[in-house]
Amino acid sequence: MRIIGTGSALPKKVVTNDMIAEFLNTSDEWISTRTGIKSRHVITDEKLQDLGAEAVMKALEMSGLSVADIDLFIVSNVVSEYGTPGLSCIVAQKVGLSCPMFDINCACPGFVYALDMAEAYYKAGKVKNVLIACIEEPTRMVNWEDRSTCVLFGDGAGAVVLTEGDNVKGTKLHSEPDFDKIWMTRSLTESRYLQTKEEEVALQMKGREVFRFAVNACTNGVKDLLDEVGIKKEDVTWFMVHQANKRILDAIIDYMGVPAERCPVNIYDHGNSSSASCPILLDECNRKGMFKKGDIIVFSAFGAGLLSGAAVLEW
Ligand code: UT7
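### Considerations on the packing of aromatic side chains
Logical step 1: By the definition in use, this model includes five aromatic pairs.
Logical step 2: Ring geometry for Phe 102 against Tyr 121: centres 6.3 Å apart, planes inclined by 35°, an arrangement best described as tilted. Of this pair, Phe 102 sits in strand S5 (residues 101-104) while Tyr 121 sits in helix H5 (residues 110-123), and the two are 19 residues apart along the sequence.
Logical step 3: Given the relative accessible area of 24%, Phe 102 is considered partly exposed.
Logical step 4: For Tyr 121, a relative accessible area of 28% gives the class partly exposed.
Logical step 5: Here the aromatic rings of Trp 238 and Phe 291 are separated by 6.1 Å at their centres, their planes lie at 65°, and the arrangement is edge-to-face. Highlighted residues: Trp 238 in strand S11 (residues 238-241) and Phe 291 in the loop between helix H9 (277-287) and strand S12 (296-303), separated in sequence by 53 residues. Comparing Trp 238 with Phe 291 shows no difference in burial state: the two are buried.
Logical step 6: One aromatic cluster is present, built from ring pairs that chain together Trp 238, Phe 291 and Trp 315.

Printed below as a string of structure tokens:
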């Protein structure tokens, strides 16, 4: 497949580190040196589905396709206010899409998993045009009294439109199932046969262990993928890595021996927006005119599961 449109949308409220330090025992110095984050966009009176619809419409507009041309709509989302239907259906109703659609919950690497699926459907001859939207509100998953997690995240949506082409050169997905490293729970209704209500637990994360997983999974995943498809890392124009922590990005840049300027960063004013981070970064770089035909772009992302994935495509 080939990417022909990108779009993104962010909530209007910007929360700086200093604003968080007004109600939590933290500081701009701690947050920016440990993570690279200075501010993030946080959902207030917006609806997540409206952000999703905005990103989708921008990507469609750039692609020149209309909703009627889309054969498959894949939404990556960790949580939304609806348990059912999927966020894909809610966004689809807003924008007028009526093709087959589904949600995936692959946490932060959701965009790479969605790309892998889109390519598989295309290679199976089932679709011509696919729309992917990654729509996330992690700031509603954390406990805002827990300084070790709430400072890390930001909300947003990113979308891409793909059409026929052989530009996706390869994808590689990886898992090391270990739910205890990043998790949250929500309670379900009581039933006639089960009266114990589960406890709702906001996002929990073993930061240091996730950090180690991220660096290993990202570097190994990208190396293995590039070896598999026969592309040298020197020939990669852009490394689009999940924006979770600037120190993770630096470790990856260092370990892989690639120039920092080939690894775009927007974590400073976005924070970690889970699976939306890669397509938001892609859209921002695309709209700045950074990509030219023939550029080789690698995506790499990691997160809860633990899951990780990499993809390489030609622009
Ligand atoms: O997309 C999902 C994937 N998630 C990630 O990629 C996250 C990966 N991990 C990380 O990015 C880092 O581990 C963190 C940024 C989460 C934490 O950095 P760290 O260097 O691993 O710090 P730490 O958790 O070991 O905490 C060090 C200290 C602790 O204090 P003590 O025990 O040494 O006294 C924490 O209580 O920093 C303290 N601390 C804070 N201090 C001020 C933790 N959070 C904060 C805070 N402000 N916000």
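Structure shown, so let's carry the discussion forward.
### As for the site of the ligand
Logical step 1: In the vicinity of the ligand there are 22 residues, among which Thr 26, Arg 34, Arg 208, Asn 245 and Asn 272 approach most closely.
Logical step 2: Residue Trp 30 places a side-chain N or O atom 3.3 Å away from an oxygen atom belonging to the ligand.
Logical step 3: Note that a nitrogen atom of the ligand is positioned 2.9 Å from one of the backbone N or O atoms of Arg 147.
Logical step 4: Look at the ligand: alone it shows 960 Å² of surface, and the protein chains cover 74% of it.
Logical step 5: Among the elements that take part in the shell around the ligand, helix H7 (residues 207-229) stands out by supplying four residues, more than any other.
Logical step 6: A class-by-class count of the residues in the shell around the ligand yields ten nonpolar, eight polar and four charged.
Logical step 7: There are two domains that each give the shell around the ligand at least three residues, and those are domain 1 (2-166) and domain 2 (171-314).

### Examining the sheet that holds strand S8 (residues 168-175)
Logical step 1: Pairing in this open sheet of four strands is mixed, and the strands run S8-S13-S12-S11 from one edge to the other. The open sheet is flanked by S8 and S11, the only strands paired with a single partner. Each strand of the sheet is rotated relative to its neighbour by a mean of 10°, with strand direction disregarded.
Logical step 2: Note: S8 against strand S13 (residues 307-314), seven bridges, orientation antiparallel. Each residue of the ladder has a partner; that of Gly 170, found in S13, is Val 312.
Logical step 3: Those strands touched by H5 are S8, S12 and S13, and its axis lies near 55° from that of S13.

### Points about the environment of Ile 90
Logical step 1: Among the structural elements, Ile 90 can be located in helix H4 (residues 87-95).
Logical step 2: With a relative accessible area of 12%, Ile 90 lands in the buried category.
Logical step 3: It is 9.1 Å that separates the C-alpha atoms of Ile 90 and Ala 53, two residues lying 37 residues apart in sequence.

### Considering the domain arrangement of the protein chain
Many analyses report the size of an interface as the accessible area lost when the parts associate.
Logical step 1: Per the domain assignment, the segments making up the protein chain are domain 1 (2-166) and domain 2 (171-314).
Logical step 2: For domain 1 versus domain 2, the separation of C-alpha centres amounts to 13 Å.
Logical step 3: Each side of the interface is counted separately: domain 1 has 47 residues, and domain 2 has 42 residues.
Logical step 4: Approximately 3600 Å² of surface area, both sides summed, lies buried where domain 1 meets domain 2, with 65% of it carried by carbon and sulfur atoms.
Logical step 5: When the buried surface of domain 1 facing domain 2 is broken down by residue, Cys 108, Val 112 and Tyr 113 rank first, second and third, together holding 17% of it.
Logical step 6: At the boundary of domain 1 and domain 2, one finds zero salt bridges.
Logical step 7: At the junction of domain 1 and domain 2, the tally comes to 21 residue pairs in polar contact (both at pLDDT 80 or more).
Logical step 8: For the side of domain 1 that touches domain 2, the secondary-structure elements that each account for two or more residues are strand S1 (2-9), helix H2 (28-35), strand S3 (39-42), helix H3 (48-63), H5, strand S6 (130-136) and strand S7 (156-163).
Logical step 9: Among the elements that make up the side of domain 1 that touches domain 2, the one with the highest residue count is H5 (six residues).
Logical step 10: Each residue belonging to the side of domain 1 that touches domain 2 can be placed in one class, and the counts come to 23 nonpolar, 16 polar and eight charged.

Conventions we followed
- Residues numbered from 1 in each chain as written.
- Predicted model: local features only at pLDDT ≥ 70, side-chain atom pairs only at ≥ 80, totals over all residues.
- Heavy atoms only, no water.
- Phe/Tyr/Trp six-rings, centres within 6.5 Å; stacked < 30°, edge-to-face > 60°.
- Helix = DSSP H or I, 4+ residues; strand = E, 2+ residues; numbered from the N terminus.
- Buried < 20%, exposed > 50% of the residue type's maximum accessible area, 1.4 Å probe, protein only.
- Near = heavy atom within 4 Å.
- Polar contact = N/O pair within 3.5 Å; in protein donor to acceptor, adjacent residues only side chain to side chain.
- Areas by Shrake-Rupley, 256 points an atom, 1.4 Å probe, with all protein chains shown as cover.
- Nonpolar A, V, L, I, M, F, W, Y, C, P; charged D, E, K, R; others polar.
- Domains from an automatic or database assignment.
- Pairing = 2+ DSSP bridges.
- Axes fitted to C-alpha atoms, helices over the stretch in contact; angles between N-to-C directions.
- Contact = heavy atoms within 4.5 Å.
- Buried area = accessible area lost by both parts, 1.4 Å probe.
- Salt bridge = Lys/Arg side-chain N within 4 Å of Asp/Glu carboxyl O.

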